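# Remarks on the overall topology
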Protein chains: 2
Amino acid sequence: MSTFCKFETALEILVGKWKPVILLRLFSNGTMRFSELQKAIPEITKKMLTQQLRELEYHDIVHREIYRQIPPKVEYSITEYGKGMATILQALNDWGVAHIEHLNELYGPNHSVEPHRSDAMDK
Amino acid sequence: MSTFCKFETALEILVGKWKPVILLRLFSNGTMRFSELQKAIPEITKKMLTQQLRELEYHDIVHREIYRQIPPKVEYSITEYGKGMATILQALNDWGVAHIEHLNELYGPNHSVEPHRSDAMDK
DNA sequence: GCCTTAGGTTTCTTTTTGTATACTACGTTT
DNA sequence: AAACGTAGTATACAAAAAGAAACCTAAGGC
């Protein structure tokens, strides 16, 4: 019924306040344990980190390796399948960078970067 | 400090429950007025439609043409700049379609399509 | 027999999103 | 003169997502 209709699916995987930054970390650092991710993203809570990682794991983007030790050790990494997202993530990133530039041209360099909510209703 | 760090920006433009379907409509139908969009997307409320369109307008993806008539007439269309998103939207779409297939292989064809929230915590 | 550690889970509160419904402006039609 | 139609806005409310903080587990060290 339509090509070009399921990109919502792709978005679902990326949405969630923390997924982009988690993916960024894992793509650039390789394998990381839970506590390393926490240190790398200090503002995130354990709850959010766990939740977002579980969602990424469900989608086979992230692998979770549990070492049965005390104290526990759990390592996260991008799966082989997940590495296939690199291209599209890079494309999104490039577009985003260019878009910030575009917004600067439109509104000047001192606009708030994301005022798309709650103002700018014309008079 | 990092390439590959601003794709959040791209996502910000796409997130919002209704943006994908609004963009889909405008890309495939060309110019549409407010009421046509409402008819095309019956579940959306006026408030949400207005809000999402305003955000897309702010980002220069959508153009808003106001005809000063009574009753009012307002037409929406994708800007020239916005047309530059088609490639990346198509890429996201293609990846999304392939990803649904991938999930089918992993979990069988009868899994709920987006259970990434609120279950599947391992026992 | 209490403390520490790592990787969580639980519960509660706040914030953000989305829905539902009503109301407006103003010329045209009935 | 009341009703209609368009493109909204305003207000109230419900639901979903995020945040904060406390609690849990089990082994080893003191």
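Residues numbered from 1 in each chain as written. Chains lettered and ligands numbered in written order. Predicted model: local features only at pLDDT ≥ 70, side-chain atom pairs only at ≥ 80, totals over all residues. Heavy atoms only, no water.

### Some points on the environment of E65(A)
Residues and elements named next belong to chain A. Counting through the fold element by element, E65 comes out in strand β2 (residues 62–67). Once residues lying within four places of it in the same chain are set aside, the contact partners of E65 are K73, V74 and E75. At a separation of 2.8 Å, a polar atom in the side chain of E65 contacts the side chain of H63. (Helix = DSSP H or I, 4+ residues; strand = E, 2+ residues; numbered from the N terminus. Contact = heavy atoms within 4.5 Å. Polar contact = N/O pair within 3.5 Å; in protein donor to acceptor, adjacent residues only side chain to side chain.)

### Structural notes on the protein's contact with DNA strand D
With respect to spatial proximity, 22 residues lie near DNA strand D, and among them K17(A), K47(A), K46(B), R64(B) and P72(B) are the closest. A distance of 2.9 Å separates a sugar or linking oxygen of DNA strand D from a polar atom in the side chain of R33(B). At a separation of 3.0 Å, a phosphate oxygen of DNA strand D approaches a polar backbone atom of V74(B). Secondary-structure elements contributing two or more residues to the surface near DNA strand D are α4 (46–58) of chain A together with α3 (34–40), α4 (46–58) and β3 (73–78) of chain B. Per-element accounting of the surface near DNA strand D gives the leading share, four residues, to α4(B). Classifying every residue of the surface near DNA strand D by side-chain character gives nine nonpolar, four polar and nine charged. (Near = heavy atom within 4 Å. Nonpolar A, V, L, I, M, F, W, Y, C, P; charged D, E, K, R; others polar.)

### Details of the confidence of the model for chain A
Averaged over every residue, the pLDDT of chain A is 83; residues scoring 70 or more account for 78%. Taken as a whole, residues 115–123 of chain A scores under 50 in pLDDT and shows eleven contacts with residues more than four places along the chain or in a different chain. (pLDDT = per-residue confidence, 0-100.)

### A word on the pattern of salt bridges
Residue and element names in this part refer to chain B. Inspection of every chain in the model, using the stated rule, returns six salt bridges over all chains. A salt bridge links E80 to K83, with the nearest nitrogen and oxygen atoms 2.9 Å apart. With E80 and K83 both in helix α5 (residues 80–83) and three residues apart, the pair spans about one turn of that helix. According to the relative accessible area criterion, K83 is partly exposed, its value standing at 43%. (Salt bridge = Lys/Arg side-chain N within 4 Å of Asp/Glu carboxyl O. Buried < 20%, exposed > 50% of the residue type's maximum accessible area, 1.4 Å probe, protein only.)

### Looking at the sheet that holds strand β1 (residues 32–33) of chain B
Consider a sheet: its strands pair through backbone hydrogen bonds, and that pairing is either parallel or antiparallel. Residues and elements named next belong to chain B. Ordered by their spatial adjacency, three strands build an open sheet running β1-β3-β2, and the pairing between neighbours is antiparallel. Each edge of the sheet is formed by a strand with only one pairing partner; in this case those strands are β1 and β2 (62–67). Here two bridges tie β1 to β3, and the two strands are oriented antiparallel to one another. Residue pairing for β3: R33 is matched across the bridge by E75. Along the sheet face, helix α2 (residues 19–29) touches β1, β2 and β3 and points at about 90 degrees away from the line of β3. α4 rests against β2 and β3 of the sheet, and its axis sits at about 115 degrees to β2. (Pairing = 2+ DSSP bridges. Axes fitted to C-alpha atoms, helices over the stretch in contact; angles between N-to-C directions.)

### Looking at the protein's contact with DNA strand C
The local shell around DNA strand C holds 19 residues, among which K46(A), R64(A), P72(A), Y76(A) and K47(B) are the closest. Between DNA strand C and K46(A) there is a distance of 2.7 Å, counted from a base nitrogen to a side-chain nitrogen or oxygen. Contact distances for DNA strand C include 2.6 Å between a base oxygen and a side-chain N or O atom of K47(B). Looking at the surface near DNA strand C, the elements with two or more residues in it are α3 (34–40), α4 and β3 (73–78) of chain A together with α4 of chain B. A per-class count over the surface near DNA strand C returns eight nonpolar, three polar and eight charged.

### Section: the packing of α2(B) against α4(B)
Describing two packed helices takes the angle between their axes plus the distance from one axis to the other. Residue and element names in this part refer to chain B. Across the interface, α2 lies against α4 with an axial gap of 10 Å and an inter-helix angle of 70 degrees. One element, α2, and the other, α4, form an angle in the roughly perpendicular class. Contacts from K19, I22, L23 and L26 in α2 reach L49, Q52, L53, E55 and L56 in α4. Of the residues assigned to the contact of α2 with α4, the class counts are six nonpolar, one polar and two charged. (Parallel < 35°, antiparallel > 145°, perpendicular 65-115°, else oblique.)

### A closer look at the environment of H102(A)
Inspection of the secondary structure assignment puts H102(A) in helix α6 (residues 86–107). Between the C-alpha atoms of H102(A) and V74(A), which are 28 residues apart in sequence, the distance is 42 Å. The residues touching H102(A), leaving out its near neighbours within four places in the chain, are D60(B) and Y81(B).

### Some points on α6(A)
All names here are of chain A. Its 22 residues place the ends of α6 31 Å apart at the C-alpha level, agreeing with the 32 Å of an ideal helix rising 1.5 Å per residue. Residues of α6 that are buried: I88, L89, L92, N93, W95, G96, H99, H102 and L103. One or two steps after α6, the chain reaches G108, where phi turns positive at roughly 85 degrees. (Expected span 1.5 Å × (residues − 1).)

### Quick look at unusual backbone geometry
Backbone phi values are negative for most residues with the exception of glycine, while trans is the configuration of most peptide bonds. All names here are of chain A. Residues I70 and P71 are joined by a peptide bond in cis, for which omega reads -5 degrees. Of note, P71 is situated in the loop between β2 and β3. Located in the positive-phi region is D60, a residue other than glycine, with phi close to 65 degrees. The residue D60 is located in the loop between α4 and β2 in this model.

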